[in-house]
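# Understanding the architecture of this molecule
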Amino acid sequence: MDLRHLRYFVAVAEERHFGRAAERLHMAQPPLSQQIRQLEAELGVELLHRTTRRVDLTEAGRAYLERARAILAEVDEAGQHARRVAAGSVGHLAIGCVGSATYSLLPALSRRLTEELPGVDFSFRGEMLAPDQVEALRTGAIDVALLRPTAADLSLAVHTLRRDRLVVAVPVGTGSPGASGCASRTSPAPT
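A brief report on the enclosed structure follows.

Taken together, Met1, Leu43 and Val45 make up a surface patch of nonpolar side chains, about 240 Å² in accessible area. Within the secondary structure, methionine 1 sits in the segment before helix H1 (3–15). Taking the relative accessible area as the measure of exposure, methionine 1 reaches 54% and is therefore exposed.

Among the structural elements, glutamine 35 can be located in helix H3 (residues 29–43). Given the relative accessible area of 13%, glutamine 35 is considered buried. With residues up to four places along the chain from it excluded, the contact list for glutamine 35 reads Arg4, His5 and Tyr8.

Sheet topology places strand S3 (residues 90–97) next to strand S4 (residues 119–125); seven bridges connect them, and they run parallel. Paired with glycine 91 across the bridge in S4 is valine 120. In this structure, S3 lies alongside strand S5 (residues 144–146), joined through three bridges in parallel fashion. Within the sheet, the bridge partner assigned to isoleucine 95 lies in S5 and is valine 144.

Our focus in this paragraph is the packing of aromatic side chains. According to the stated counting rule, one finds two aromatic pairs in the structure shown. On the basis of an interplanar angle of 65 degrees and a centroid distance of 5.3 Å, the ring pair of phenylalanine 9 and tyrosine 64 is categorised as edge-to-face. With phenylalanine 9 in helix H1 and tyrosine 64 in helix H4 (residues 59–87), the pair connects residues that are 55 residues apart, well separated along the chain. Accessibility assignment for this pair places phenylalanine 9 and tyrosine 64 in one class, buried. Seen in terms of ring centroids, phenylalanine 122 and phenylalanine 124 are 6.4 Å apart; in terms of plane orientation they differ by 20 degrees. Their pairing is stacked. By relative accessible area, which is 30% here, phenylalanine 124 ends up partly exposed.

Strand pairing in a sheet takes place through backbone hydrogen bonds and is either antiparallel or parallel in direction. Pairing within the open sheet is parallel, and its three strands lie in the order S4-S3-S5. The open sheet has two edge strands, S4 and S5, and neither has a second partner. Between one strand axis and the next, the sheet turns through 25 degrees on average, direction left out of account.

To continue, consider the side chain of histidine 5. With respect to the helices, strands and loops of the structure, histidine 5 is situated in helix H1. Excluding residues within four positions of it along the chain, histidine 5 makes contact with Gln35, Gln38 and Leu39.

Rules behind the numbers
Residues numbered from 1 in each chain as written. Predicted model: local features only at pLDDT ≥ 70, side-chain atom pairs only at ≥ 80, totals over all residues. Heavy atoms only, no water. Patch = residues over 30% accessible without salt bridge, like charges linked within 9 Å, V, L, I, M, F, W, Y side chains within 5 Å. Areas by Shrake-Rupley, 256 points an atom, 1.4 Å probe, with all protein chains shown as cover. Salt bridge = Lys/Arg side-chain N within 4 Å of Asp/Glu carboxyl O. Helix = DSSP H or I, 4+ residues; strand = E, 2+ residues; numbered from the N terminus. Buried < 20%, exposed > 50% of the residue type's maximum accessible area, 1.4 Å probe, protein only. Contact = heavy atoms within 4.5 Å. Pairing = 2+ DSSP bridges. Phe/Tyr/Trp six-rings, centres within 6.5 Å; stacked < 30°, edge-to-face > 60°. Axes fitted to C-alpha atoms, helices over the stretch in contact; angles between N-to-C directions.

Structure, rendered in structure tokens:
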């Protein structure tokens with residue numbers, strides 16, 4: 001059986017008229033009538049009771065119409081699902097992250113991803129060291145890594161999301177430079 005036969009049958013059953021159904025399907029009436037007869041022959045049942053003015057569904061036709069609509073809806077949904085998967089809006093994404101991102105970056109990122117990609121399931125692996133994340137990316141255990149890059153790895157595409165300031169604090173009176181109060185030194189570190 002061909003899905004085309006189901007579409008033809010549904011059009012005729014809904015229009016209750018071969019001419020209108022043929023117009024709806026953008027085809028001539030004789031081939032449509034022929035296709036419906038082939039469907040009935042294949043099934044071994046009469047689906048439509050034809051008169052000169054209208055077409056009525058038989059009991060078998062009513063039952064078949066219900067199932068045909070469900071099948072066509074499933075086929076259409078399968079196509080839409082495949083397009084969403086191809087577009088990346090459905091699926092699963094595993095994200096690894098360094099400890100500091102777990103508390104600062106991850107909550108906001110999680111909310112945004114959930115809002116923008118509701119069809120994607122996310123899993124997060126926190127507290128991963130950068131070398132472990134790189135290895136997990138290579139093996140496919142994670143899809144994305146939020147890390148502080150170590151040496152440049154040409155096999156990975158790296159995009160800076162933000163830069164953090166690192167602060168060093170030492171106790172007062174340790175004799176270290178700038179020991180009045182709390183000493184600090186900042187330098188940008190990519191995240």
